[in-house]
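The lines below spell out each chain.
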Amino acid sequence: MTYSRKLRITVPCSSANVGPGFDALGVTLSLYLTLDISIFERTSDKKNYNDEVILTYSGEGKDGVPLSVEKNLITKSALYVLACNNIPGFTAPMNISICNPIPMGRGLGSSGAAVVAGIMLGNASGNLGLTKERMLDYCLMIERHPDNVTAALMGGFVASYLRELNTDDTGTPRSEELDEKNDTINNFSAQIVFNLQRLAVLIMALSQSPPDADLICQAMQDKVHQPYRKQLIPGLSEIITNVTPTTHPGLLGICLSGAGPTILALATHNFDSISKTVIDMFAERNIETVVKVLDVVDDGAQIVETC
Ligand SMILES: Nc1ncnc2c1ncn2[C@@H]1O[C@H](COP(=O)(O)OP(=O)(O)OP(=O)(O)O)[C@@H](O)[C@H]1O
Ligand SMILES: N[C@@H](CCO)C(=O)O
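Residues numbered from 1 in each chain as written. Chains lettered and ligands numbered in written order. Predicted model: local features only at pLDDT ≥ 70, side-chain atom pairs only at ≥ 80, totals over all residues.

**Structural notes on the overall build of the chain**
Working step 1: Counting its regular elements, the chain contains 10 helices and eight strands.
Working step 2: Relative to the compact-globule value of 19 Å for 307 residues, the chain shows a C-alpha radius of gyration of 22 Å, a close match.
Working step 3: Principal-axis analysis of the C-alpha atoms gives the chain an extent of 65 × 55 × 40 Å.
Working step 4: Looking at the chain residue by residue over its 307 residues, the buried ones come to 38%. (Helix = DSSP H or I, 4+ residues; strand = E, 2+ residues; numbered from the N terminus. Rg over C-alpha atoms; globule rule 2.2 N^0.38 Å. Buried ≥ 20, exposed ≤ 12 C-beta atoms within 10 Å, placed from the backbone.)

Spelled out as C-alpha cells, the structure:
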C-alpha cells in the first residue's frame, strides 16, 4: 500500500479545577499524547475502512486500552465526529501509532486528551475543516467536564462553562422542597460563594506578571470538592495548609489535580525544595510519590503533515 498522507497529532495533558474552579478552570501541561498516522490510498469503494484501521499503542495503560476502533476512546471519538458529519466511518485504510505518557485515572486529563486527539483525527482524516472552537463542541458532547478538554485543545490557563443542553427543568426541586432543605442550601450557597469569589480573583491574579504568590495561594482555596476528596489523599489538608509561598519561596499554591490523587503545585522556581517537602510529608504517611516537573504551555493540540 502507498501512503497518501502522514500526520502527527500531539495533545497535552492538563490539570483540572486549579483549586476553586471545579469543572471551570484548567491548565495545560507539557506531557503529550502523540498519534502518528499513516493514511493509505483507498483500494476499493467501501462504505467505511474501519476494518483496515490498525492501532498500535505504547505507554500508560498499554495492557488495558482496547485496540479495536469501535472501543478505543480515541477512534470512537473520531467515529463520533465523522458520523455527526454524515460520514459512516474511516474513509481510508490507516495505521495509527499511539504513544501515551499520560497516567490514566490520575487527574492529568488522560481521557480528555484522548477525546481531543480523536476529534482531531476525525476532523483531519475526514477533511471536515472544523475550527478548534467547533471541535471543542464535539469534545464537550463526549466528555461533559469541560475543564480538561478545553485546556488540552486550547492551551494555557483556560476557564470554561457548559451551556445547558435543553431548558427542561424536570427534577428541579419545587419551592416547598427548597424550604425544607433550606439549611443544606444555605451551607452549599456559602461554599459556592466562597469559591466564586476566589475563582474571580484567581483568574485575575494568574494574568499578572510578576505573579503575586500570596494572592494566588489564597485564591486557590476550595470548599466545593476538595473537602469531600481529602480522605482519598492522606495528608492533603496538611500539605495545603503548611506548604505555602511563605515557607517555600517560588511556590504559588497547591491543590488537588482534577479528582486526584495527583496534587498540583504551581511554582515559578525552587521546584526541588517544594517537591522534597511534599514527598517527605507523604512518606511520613507511608505513601510513595512520583514527581513530575512540567511547564505550563501556551499551545494546545497540534497537527502537522509529516510527509
Ligand atoms: N490514550 C488513551 N487511549 C484510549 N483510552 C484512553 C486513553 N487515555 C485515557 N483513556 C480512557 O480514559 C480512562 C481514564 O479516564 P478518567 O477520567 O478515569 O481519568 P483521567 O482522564 O486520567 O483523569 P481526570 O479526568 O481526573 O484528569 C481510561 O480508563 C481509558 O478508558
Ligand atoms: N472537574 C473534574 C475533572 C475530572 O474529570 C473533576 O474534578 O471531577
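**Some words on the site of ligand 2**
Working step 1: Residues in close proximity to ligand 2 include Ala 16, Asn 17, Phe 22, Asp 23, His 145, Asp 147, Asn 148, His 225, Gly 258 and Ala 259, which together make up its full environment.
Working step 2: Split into classes, the residues belonging to the shell around ligand 2 amount to three nonpolar, five polar and two charged. (Near = placed C-beta within 6 Å. Nonpolar A, V, L, I, M, F, W, Y, C, P; charged D, E, K, R; others polar.)

**Notes on the site of ligand 1**
Working step 1: Lining the immediate environment of ligand 1, one finds 21 residues, of which Leu 73, Ser 110, Ser 111, Ala 114 and Gly 258 sit closest.
Working step 2: Secondary structure elements with two or more residues in the shell around ligand 1: α1 (73-84), β4 (94-100) and α2 (110-125).
Working step 3: Residues of the shell around ligand 1, tallied by class, amount to 10 nonpolar, 10 polar and one charged.

**Quick notes on the packing of α1 against α2**
Working step 1: Direction vectors running N to C along α1 and α2 enclose 45 degrees, while the axes themselves pass 7 Å from each other. Overall, the two elements α1 and α2 adopt an arrangement that is oblique. Once α1 is placed against α2, the crossing between them reads as right-handed. On α2, the residues that touch Leu 73, Ile 74, Thr 75, Lys 76, Ser 77, Ala 78, Leu 79, Val 81 and Leu 82 of α1 are Ser 111, Ala 114, Val 115, Ala 117, Gly 118, Ile 119, Leu 121, Gly 122, Asn 123 and Ser 125.
Working step 2: Here the contact of α1 with α2 is built from residues that sort into 11 nonpolar, seven polar and one charged. (Axes fitted to C-alpha atoms, helices over the stretch in contact; angles between N-to-C directions. Parallel < 35°, antiparallel > 145°, perpendicular 65-115°, else oblique. Left-handed = near helix turned anticlockwise from the far one by under 90°. Contact = placed C-beta atoms within 7 Å.)

**What to know about the UniProt feature "domain: GHMP kinase N-terminal" (unreviewed entry) in the chain**
Working step 1: Mapped onto this structure's residue numbering, the UniProt feature "domain: GHMP kinase N-terminal" (unreviewed entry) falls at residues 72-156.
Working step 2: A helix fraction of 56% and a strand fraction of 8% characterise residues 72-156, whose end C-alpha atoms lie 27 Å from each other. (UniProt positions renumbered as here; feature names shortened; annotations may be inferred.)

**Details of the confidence of the model for the chain**
Working step 1: Across the chain, the average pLDDT comes to 89, with 91% of residues at or above 70.
Working step 2: Here residues 167-185 scores under 50 on pLDDT; set against residues more than four positions off or in separate chains, the count is three contacts.
Working step 3: Across the interfaces of the predicted complex, the ipTM metric reaches 0.97, alongside a pTM of 0.80. (pLDDT = per-residue confidence, 0-100.)

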